Amino acid sequence: MSVKPLVVVKSAAVELISRSEYDQLVHRGHAGAVPAIETTPILDRWREAHPDWRGRHWRFVADDNDVLRLHPVNVARAERRSLAA
């Protein structure tokens, strides 16, 4: 019996969400920052499957059966507002 190697398929682009949406998700416990220890198998798989992921944030996303699953996410930089009067 031969064992086939695990093949990681590069997926679509990582979702980009606004800073305010991310902050709301964090408040509800549905998103967060990647831990300082970044040597976990999941993070390694995410980096390989999502080369455009910045490696900083995650969020829960409901699948077709409404099961929440962890996914990498990129967060837009906060907008700078002009101080003009």
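Structure: above.
Residues numbered from 1 in each chain as written. Predicted model: local features only at pLDDT ≥ 70, side-chain atom pairs only at ≥ 80, totals over all residues. Heavy atoms only, no water.

## Details of the pattern of salt bridges
Logical step 1: Evaluation of the coordinates by the stated rule reveals four salt bridges.
Logical step 2: The closest approach of N and O atoms between Glu15 and Arg59, which form a salt bridge, is 3.3 Å. Linking Glu15 in the segment before strand S1 (16–17) with Arg59 in strand S3 (residues 57–62), this pair joins segments that are 44 residues apart in sequence.
Logical step 3: On the basis of relative accessibility, which here comes to 39%, the residue Glu15 falls in the partly exposed class. (Salt bridge = Lys/Arg side-chain N within 4 Å of Asp/Glu carboxyl O. Helix = DSSP H or I, 4+ residues; strand = E, 2+ residues; numbered from the N terminus. Buried < 20%, exposed > 50% of the residue type's maximum accessible area, 1.4 Å probe, protein only.)

## Some thoughts on the pairing of S3
Logical step 1: Note that strand S2 (residues 31–33) and S3 share three bridges and pair antiparallel. Its bridge partner lying in S3, Ala31 is registered against Arg59.
Logical step 2: Relative to strand S4 (residues 68–75), S3 runs antiparallel, the two being bridged by six bridges. Across the sheet, residue Val61 finds its bridge partner in S4, namely Arg69. (Pairing = 2+ DSSP bridges.)

## Notes on the sheet that holds S2
Strand-to-strand pairing in sheets goes through backbone hydrogen bonds, with the strands running parallel or antiparallel.
Logical step 1: Strand order in the open sheet formed by four strands is S1-S4-S3-S2, and the pairing between neighbours is mixed. Edge positions in the open sheet fall to S1 and S2, since each of these has one partner strand only.
Logical step 2: Here helix H1 (residues 19–27) sits on the sheet and contacts S1, S2, S3 and S4; the angle it forms with S2, its principal contact strand, is near 100°. (Contact = heavy atoms within 4.5 Å. Axes fitted to C-alpha atoms, helices over the stretch in contact; angles between N-to-C directions.)

## Topic: the packing of aromatic side chains
Logical step 1: One pass over the structure, following the stated rule, counts two aromatic pairs.
Logical step 2: With a centroid separation of 5.4 Å and an interplanar angle of 90°, the aromatic rings of Trp46 and Trp53 are classed as edge-to-face. Here Trp46 and Trp53 have matching classes, each one buried.
Logical step 3: Geometrically, the ring pair formed by Trp58 and Phe60 is edge-to-face, given 5.3 Å between the ring centres and 75° between the ring planes.
Logical step 4: Note on Phe60: relative accessible area 27%, which makes it partly exposed. (Phe/Tyr/Trp six-rings, centres within 6.5 Å; stacked < 30°, edge-to-face > 60°.)

## Comments concerning helix H2 (residues 41–49)
Logical step 1: When we look at burial in H2, the residues that qualify are Leu43, Trp46 and Ala49. Looking straight down H2, one finds that the buried residues subtend no more than 135° of arc, so they occupy a single side.
Logical step 2: Buried-residue contacts for H2 involve S3 and S4. (Arc of directions from axis to C-beta.)

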